Amino acid sequence: MKPPVRYSDDLEQVDPGEAEVAQEMLEAFDHILTTTHADMNHAVRAVHAKAHAVLQGELAIDSFLPPELAQGVFARPGRLKAWVRISTNPGDIISDKVSLPRGLALKVGGVRGERLPEAEGDTQDFLLVNSPVFGAAKAKDFAGQLKLIAKTTDRAEGGKIVLSKLLQAVNGALGAAGLHSKALDAIGGAPQVHPLGETYFSVTPFRYGDHVAKFRLRPLSPSLTRLTGEKVDTSEGENPIRQRIRQDMAALDGEWAFEVQLLRDVDTQPVEDPTVEWPEDEAPFVQVAKLVVPAQDSWDERRVMQQDEMMRFSPWTGLAAHRPLGSINRARRPAYPHSADFRAAMNGCPIHEP
């Protein structure tokens, strides 16, 4: 196995016109934000608007990590407070009958070290989705996708439900033939599986102290692995996924392995193209911590206010040792605080780090 690549600013390649692309993303965000606010008289996130669970636990950092893994947040063992939000991708509050990819946002408190510019508090955020690859190679492509998503915001939910059922059937047939389509997942064809059993990925790379890495959160305890691949019935009820997680989290203690995949080959593990899955045979994921979440009410009213309404999650909140890398992450830098500021202004509710 090759040794991990040393971090260097030269690993990133900034394209001309990225500032203009970032502005296009802000305009798409604004369309989504203002449309949903007009519908509900309440501002929600421009992406991952609908939460299914808010949880609290601890990130237990492993002892005796080798030097290449003992970096940044993971430089020393310990137990750090953690906040978790599980969500669905779109920026509108959409029916659970529309099956789309899931996200898991993890915020870790009490981290020490030099912080990224404009990163308040003492927290580190990790934004993860249940796919190892991203749907766009460059920020320009991502902005184009956001424009299309913005146009479908607030449009014909009934049609989205019918289309999602069709796409799920098509993707199920493709999966049976070993041809499951991530592209169909993104537009409504994702299998309607239990979010607590899913594995979540950072998709994009980040600085990892002296090195570069992607992150993964993998179900570890039997209480979670037994839910992997289990279908959730979304045919009845207003928020069946939220209710199913609430039912299960009331009785289970969950543990996830927080894992790191170090960059070892710049050719097979590109920094600037998150549509490429880094090969695990060349660069395996290695556990550096456990996320431990005890049984609790995953939709506690007070916690929903604290974590869903008053908290923000951004890949640019955290340590300089974990600076986001690549075109997609550079475009996200102004977009996430822009969305949070809109919510704060419209709802009259300050958003801050815990």
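Keep in mind it's a predicted model, so treat the numbers as computed, not measured.

Peer 1: Would you take a moment to explain the packing of helix α1 (residues 18-40) against helix α8 (residues 327-347) for this structure?
Peer 2: In a packed pair of helices, the relevant descriptors are the angle between the two axes and the axis-to-axis distance. It is the contact of α1 with α8, at a shortest axis distance of 9 Å, that shows an interaxial angle of 30 degrees. It follows from the interaxial angle that α1 and α8 lie roughly parallel. At the point where α1 passes α8, the crossing takes the right-handed sense. Together, Glu 18, Ala 22, Met 25, Leu 26, Phe 29, Asp 30, Leu 33, Thr 34 and His 37 of α1 and Ser 327, Arg 330, Ala 331, Pro 334, Ala 335, His 338, Ser 339, Phe 342 and Met 346 of α8 make up the contact between the two elements. Split by residue class, the contact of α1 with α8 holds 10 nonpolar, 5 polar and 3 charged.

Peer 1: It is not clear to me how unusual backbone geometry should be interpreted in this structure. Could you clarify?
Peer 2: With a phi angle near 55 degrees, Asn 41 is a residue other than glycine that sits in the positive phi range. Relative to the assigned elements, Asn 41 resides in the loop between α1 and β1 (50-61). On the accessibility criterion, Asn 41 (64% relative accessible area) is exposed.

Peer 1: Looking at this model, I keep getting lost on the pattern of salt bridges. Mind explaining?
Peer 2: Side chains that differ in sign of charge can pair as their charged atoms come close. Tallied over the entire structure, the rule returns 21 salt bridges. Ionic pairing is found between Arg 216 and Glu 280, a salt bridge with its closest N-O pair at 3.5 Å. Separated by 64 residues along the polypeptide, Arg 216 in strand β7 (residues 211-219) and Glu 280 in the loop between β8 (254-262) and β9 (286-293) bring together distant segments of the chain. Using a relative accessible area of 37% as the deciding quantity, one classes Glu 280 as partly exposed.

Rules behind the numbers
Residues numbered from 1 in each chain as written. Predicted model: local features only at pLDDT ≥ 70, side-chain atom pairs only at ≥ 80, totals over all residues. Heavy atoms only, no water. Axes fitted to C-alpha atoms, helices over the stretch in contact; angles between N-to-C directions. Helix = DSSP H or I, 4+ residues; strand = E, 2+ residues; numbered from the N terminus. Parallel < 35°, antiparallel > 145°, perpendicular 65-115°, else oblique. Left-handed = near helix turned anticlockwise from the far one by under 90°. Contact = heavy atoms within 4.5 Å. Nonpolar A, V, L, I, M, F, W, Y, C, P; charged D, E, K, R; others polar. Buried < 20%, exposed > 50% of the residue type's maximum accessible area, 1.4 Å probe, protein only. Salt bridge = Lys/Arg side-chain N within 4 Å of Asp/Glu carboxyl O.

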